Amino acid sequence: MRFVTKNEAVKRSFLEDLKREGIKFELGERLSYETFVGYMLEGTLEEIRAQIDVMEGADREALTEGFTSFKESLNHILEHIKVGEKFDVLLNEGPWVAEILDQLTRNGAIDYSEGLIKLKDGVDVTKLRFEFKFPFNLVHSPESAEKIAKQFAFADLTMEYEFEILELDMGKINTLGKIASRYFPEDALLRVYFALVGRAILSSEILKSLGSEKVEISELVKAFARAAPIAIPTPKGTLVINYSPRALEEVLRFLKRLGYVEIKAGKVKKLRDLA
């Protein structure tokens, strides 16, 4: 139940939001990477388009679509920096921003001043030289394509930030969903959100099943394994929560970590209920 980002600006802003809302989490950092293996075309925008039109041995339709997307991204950034924009704000647009800013910097087309990035006055973008990169799987005949395109491989060693969410409170989980929607794709958000909901519901059911006496963990696991999966009807449909015996044991360890249960000598005892 975690969100992962390699974007420093996203990490910083998401961290502040979680703290402000009092959502329990742990932040981990580790070395990671971004890699790209493929080909590259160089030149002005017009020259690159002309190269695509005559290239043999590659999927020209896909290259054209990709180049159109590249130009749209470039124009989007140019609109921002014509009047000046903060670097962090630009990075929130996506990881592709850094690549475009790097190319503009190597062209000597932008100024950095007091945290703002601004397009230099009088710059003619049509005269700038760019690099258009595309993946190797768009090439079906390297011998033909490499008459125009150059091989290109890129490895960027970067930091990866992992937010491990520790919440069992449904109100906080719902708040988290609203916050995370500003930073992460919908599919990633929904996967984490429903995983957190599932863990919260299973935790609640475990605590409800525990009385004041110690219970053998093996017997508890067997009982819940027989009851799996748990189906929860909702106004919009059905939420099904499935779990393996090992996953259930992990939830018990999580409850121990948060101080809800005590585990000793193969037995579990409830210390408190969910608030």
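The structure we're discussing is the one just above.
Residues numbered from 1 in each chain as written. Predicted model: local features only at pLDDT ≥ 70, side-chain atom pairs only at ≥ 80, totals over all residues. Heavy atoms only, no water.

Enquirer: Help me out: how do you make sense of the nonpolar core in this one?
Expert: Formed by 45 residues in total, the largest nonpolar core has its most connected members in Phe 3, Phe 14 and Ile 206. Broken down by element, this core gets its largest block of residues, nine residues, from helix H8 (residues 186–209). Once residues within four sequence positions are removed from consideration, Phe 3 is found in contact with Phe 14, Tyr 161, Glu 162, Phe 163, Ile 165, Leu 176, Ala 180, Phe 184, Ala 188, Leu 189 and Val 192. (Core = buried A, V, L, I, M, F, W, Y, C linked by side-chain atoms within 4.5 Å. Buried < 20%, exposed > 50% of the residue type's maximum accessible area, 1.4 Å probe, protein only. Helix = DSSP H or I, 4+ residues; strand = E, 2+ residues; numbered from the N terminus. Contact = heavy atoms within 4.5 Å.)

Enquirer: Help me out: how do you make sense of the environment of Glu 46 in this one?
Expert: The residue Glu 46 is located in helix H2 (residues 45–54) in this model. Separated by 80 residues in sequence, Glu 46 and Thr 126 place their C-alpha atoms 7.5 Å apart.

Enquirer: What am I meant to see in the sheet that holds strand E4 (residues 110–113) here?
Expert: Strand pairing in a sheet takes place through backbone hydrogen bonds and is either antiparallel or parallel in direction. The three strands are arranged E3-E5-E4 in an open sheet whose pairing can be described as antiparallel. What marks the edges here is a single partner per strand, and that holds for strand E3 (85–86) and E4. Examined bridge by bridge, E4 and strand E5 (residues 116–119) share four bridges and lie antiparallel to one another. Across the sheet, Tyr 112 pairs through a bridge with Ile 117, a residue of E5. Taken strand by strand, helix H3 (residues 60–81) contacts E3, E4 and E5, and its axis lies near 110 degrees from that of E5. Those strands touched by helix H5 (residues 96–106) are E4 and E5, and its axis lies near 105 degrees from that of E4. (Pairing = 2+ DSSP bridges. Axes fitted to C-alpha atoms, helices over the stretch in contact; angles between N-to-C directions.)

Enquirer: For this particular structure, what's the right way to read the pattern of salt bridges?
Expert: Opposite charge on two side chains makes pairing possible when the charged atoms of those side chains draw close. Applying the stated criterion across every chain yields a total of 30 salt bridges. Among the salt bridges present, the one from Glu 164 reaches Arg 2, with a minimum N-O distance of 2.7 Å. One end of the pair, Glu 164, is in strand E7 (residues 150–165); the other, Arg 2, is in strand E1 (residues 2–5), and 162 residues separate them in sequence. We classify Glu 164 as buried; its relative accessible area is 15%. Overlapping salt bridges, with partners in common, bring together Arg 2, Arg 30, Glu 160, Glu 162 and Glu 164 in one network. (Salt bridge = Lys/Arg side-chain N within 4 Å of Asp/Glu carboxyl O.)

Enquirer: Before we go on, may I ask you to explain the sheet that holds strand E11 (residues 261–264) in this structure?
Expert: With respect to topology, three strands assemble into an open sheet ordered E8-E12-E11, the strand pairing being antiparallel. Since the sheet does not close on itself, it has two edges, and those belong to strand E8 (215–216) and E11, each with one partner. Sheet topology places E11 next to strand E12 (residues 267–270); four bridges connect them, and they run antiparallel. Its bridge partner lying in E12, Ile 263 is registered against Val 268.

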